[in-house]
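# Structural overview for review
Here is what each chain is made of, one letter per residue.
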Amino acid sequence: MGPDGNGTSVEKGLARSWPETGPKVLWTVPLGPGYGGAAIRDGEVYVLDRVDRQKDVLRCFDLQTGKENWTYAYDAPGKIDHDGSRSTPAVSEKYVFTIGPFGHYHCLDRKTHQVVWEKNIVSDYQGKAPGWAVAQSPLLYKDMVVVAPQSSQVGMVALDQASGKERWRSGGIGPMGYGSPKLVTVDGLDQIVIVNSLGAAAVSASDGKVLWKYAHPCKIPIPNVTALGGGRFFVTGAYLAGSAVIQVTRQGEDWTMKELAHKAQMGGHCHPALLYQDHLYILCNINERQDGMVCFDEQAKVVWQTKNKPNLDKGGSLLTGDGLMYVMDGRSGELHIVQPSPDGFKSLAKAKVLGGKEIWGPLALADGKLVIRDQSQMKCLDLRP
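One structure accompanies this document, and this report is about it. (Residues numbered from 1 in each chain as written. Predicted model: local features only at pLDDT ≥ 70, side-chain atom pairs only at ≥ 80, totals over all residues. Heavy atoms only, no water.)

## Here we look at the overall build of the protein chain
To keep it simple, the criterion reads: A run of H or I in DSSP becomes a helix once it reaches four residues, and a run of E becomes a strand once it reaches two; helices and strands are each numbered from the N terminus. Our radius of gyration looks at C-alpha atoms and nothing else; its globule reference is 2.2 Å times the residue count to the power 0.38. To sort residues, take the accessible area from a 1.4 Å probe on protein chains only and compare it with the maximum for the residue type: under 20% means buried, over 50% means exposed, and anything in between is partly exposed. Whether two residues are in contact is decided by their heavy atoms: any pair within 4.5 Å suffices. Per-residue and other accessible areas follow the Shrake-Rupley method at a 1.4 Å probe size, with only the shown protein chains counted as cover for residues. Under the counting rule used here, the positive set is Lys and Arg, the negative set is Asp and Glu, and His together with the chain ends is not counted. The atoms used to mark charge sites are NZ of Lys, CZ of Arg, CG of Asp and CD of Glu.
For the protein chain, the count of helices and strands is zero helices and 33 strands. Rg of the C-alpha trace for the protein chain: 20 Å, near the compact-globule value of 21 Å for 385 residues, within the 12% margin. Seen through its principal axes, the protein chain has C-alpha atoms that stretch 55 × 50 × 35 Å. Classification of the 385 residues of the protein chain by burial places 59% in the buried group. When contacts within the protein chain are restricted to residue pairs at least 6 apart in sequence, those whose partners lie at least 24 apart make up 51%. By element, 48% of the accessible surface of the protein chain is carried by carbon and sulfur atoms, the whole surface being about 15400 Å². Positive and negative side-chain charges of the protein chain, numbering 42 and 40 respectively, have mean locations separated by a distance of 3 Å.

## Concerning the sheet that holds strand β20 (residues 232-237)
Worth spelling out the cut-off: The pairing criterion is simple: DSSP has to find at least two bridges between the two strands. For helices, the fitted line uses only the C-alpha atoms of the stretch in contact; every axis is such a line through C-alpha atoms, and the angle between N-to-C directions lies from 0 to 180 degrees.
Spatial strand order, β19-β20-β21-β22: four strands in an open sheet with antiparallel pairing. Lying at the two open borders of the sheet, with one neighbouring strand each, are β19 (226-229) and β22 (254-263). The average angle at which neighbouring strand axes cross in this sheet is 25°, direction not considered. Relative to strand β21 (residues 242-251), β20 is paired through six bridges, and the arrangement is antiparallel. Residue pairing for β21: Phe234 is matched across the bridge by Val245.

## Structural notes on the sheet that holds strand β16 (residues 189-196)
A sheet is described by the order of its strands in space; here four strands give the open sequence β15-β16-β17-β18, paired in antiparallel fashion. Here the strands that pair on one side only, and so sit at the sheet edges, are β15 (182-186) and β18 (210-214). Along the sheet, successive strands turn relative to each other by an average axial angle of 30°, direction set aside. Relative to β18, strand β17 (residues 199-204) runs antiparallel, the two sharing four bridges. Note that in β18 the partner of Val203 across the bridge is Val210.

## Digging into the pattern of salt bridges
Where we set the bar: The term salt bridge refers to a pairing of a side-chain nitrogen on Lys or Arg with a carboxyl oxygen on Asp or Glu at a separation within 4 Å.
In total, this model carries 19 salt bridges according to the counting rule given. Residue Asp42 pairs with Arg41 through a salt bridge whose shortest N-O separation is 3.6 Å. In this structure, Glu334 engages Lys350 in a salt bridge whose closest nitrogen and oxygen atoms are separated by 4.0 Å. Of the two residues, Glu334 sits in strand β29 (residues 334-338) while Lys350 sits in strand β30 (residues 347-352), which places them 16 residues apart along the sequence.

## Considerations on empty space enclosed by the protein
Test applied: Only protein atoms enter the calculation, which uses a 1 Å grid: trapped sets of points that fit a 1.4 Å probe without letting it out are cavities, open sets showing protein on both sides within 12 Å along at least five of seven lines are pockets, and any residue with an atom within 4 Å of a point is a lining residue. Grid points are joined across faces, edges and corners, and a volume is the space filled by probe spheres set on the points. Each residue gets one of three labels, nonpolar for Ala, Val, Leu, Ile, Met, Phe, Trp, Tyr, Cys and Pro, charged for Asp, Glu, Lys and Arg, and polar for the others, Gly among them.
Tallied over the full model, the rule gives one cavity of 30 Å³ or more. In this structure, the largest cavity encloses a volume near 60 Å³. Contributing to the lining of the largest cavity are Val195, Asn196, Gly199, His216, Cys218, Pro221, Ile222, Pro223, Val235, Thr236 and Gly237. Mapped onto the lining of the largest cavity, the elements with two or more residues apiece are β16 and β20. Here the lining of the largest cavity takes three residues from β20, the largest share from any one element. For the lining of the largest cavity, the per-class residue count stands at six nonpolar, five polar and no charged.

## Section: the packing of aromatic side chains
Heads up, the rule is: Side-chain rings of Phe, Tyr and Trp, where Trp is taken by its six-membered ring, are said to pair if the distance between their centres is within 6.5 Å; with planes under 30 degrees apart they count as stacked, over 60 as edge-to-face, and otherwise as tilted.
Taken as a whole and assessed by the stated rule, the structure comprises 12 aromatic pairs. Between Tyr46 and Trp70, the ring centres sit 6.2 Å apart and the planes meet at 70°, which makes this aromatic pair edge-to-face. Of this pair, Tyr46 sits in strand β4 (residues 44-51) while Trp70 sits in strand β6 (residues 68-75), and the two are 24 residues apart along the sequence. With a relative accessible area of 0%, Tyr46 lands in the buried category. Through a chain of ring-to-ring contacts, three or more aromatic side chains come together here, namely Tyr95, Phe97, Tyr105 and Trp117.

## Here's the deal with unusual backbone geometry
With an omega dihedral of -10°, the bond running from Lys309 to Pro310 counts as a cis peptide bond. Looking at the secondary structure, you find Pro310 in the loop between β26 (302-305) and β27 (318-321). With phi around 55°, Asp52 is a residue other than glycine that occupies positive phi space. In this structure, Asp52 sits in the loop between β4 and β5 (55-62). Phi angles above zero are rare outside glycine, and Asp187 is one such case at about 50°. Mapped onto the secondary structure, Asp187 falls in the loop between β15 and β16.

Laid out in structure tokens, this is it:
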């Protein structure tokens, strides 16, 4: 979700409209089925693929041309419901880190393309993968990489990037869901937050101490929290769990949490809410309700909703940049340029760029290029005017 993990790009000079033919497609490459998004760094595109229910494959492409520079494959046989990769690689200056749907956890050297170290975040910590497999992405923090086994004994674990040596582990915080560790800062302290079937929990990024927990009622959680500033967070979930705003406060060495507001039943299914100029934008389509794209204020009050005009599906992805919002319709493969505003949904342009079903992979933007995927391909679109 971008350099700051909040779905906001620092890109400027992005297109505010397209010709009738849509944005220029710079390249297209085939991929196996899946939902894992791309990570872009230093002109390279990294994506985790899954082939024939037998192997996971890390692929590295050139951002300019789409040429496949190198791959690394490992055996990962097994059948999972909604087959394919789930997570986005994390890429540091020297290394790339991946987590496969069966918990395989790899660190590879970006120059030599060799495995530096490997683990399994399920079996190594006596944990249990959730029903739709492991879906979290690793988090880089200083010279560490953080993942969340969420077994009965271990919540999160920080490893040294270069050696794989354990730097800290937290106590239990609940069973594994589908969220990824997320870095936030509250009252000057770096914290790592994750959601699971017990709610949301945060640990200290420096030593793994469990700081606070919030019991949100979503039993199959996917979207992580959205930081609102001042220790406030927007929490959301599907299956009629609804959405809430919570306040986290430090009192000496202890932390307290209270719920400030709650919106019953209305919540996001797959992707977290994006904060733009004091308003939240999120796709609130769940199995039980079709509320479309929703704009909330910071008190979890609905400002507007699109319902089915347009609906945009439950798994569509969105990001903001240069005062715009790019929204993928997860059902139709249409990409919208949206002007985020509390005055209502304003689509500036749209174009069909992908196909098939369950187009749920997160978007990635760098150097004016948007990398997107569906269940059979990955494309690079030119977003420059």
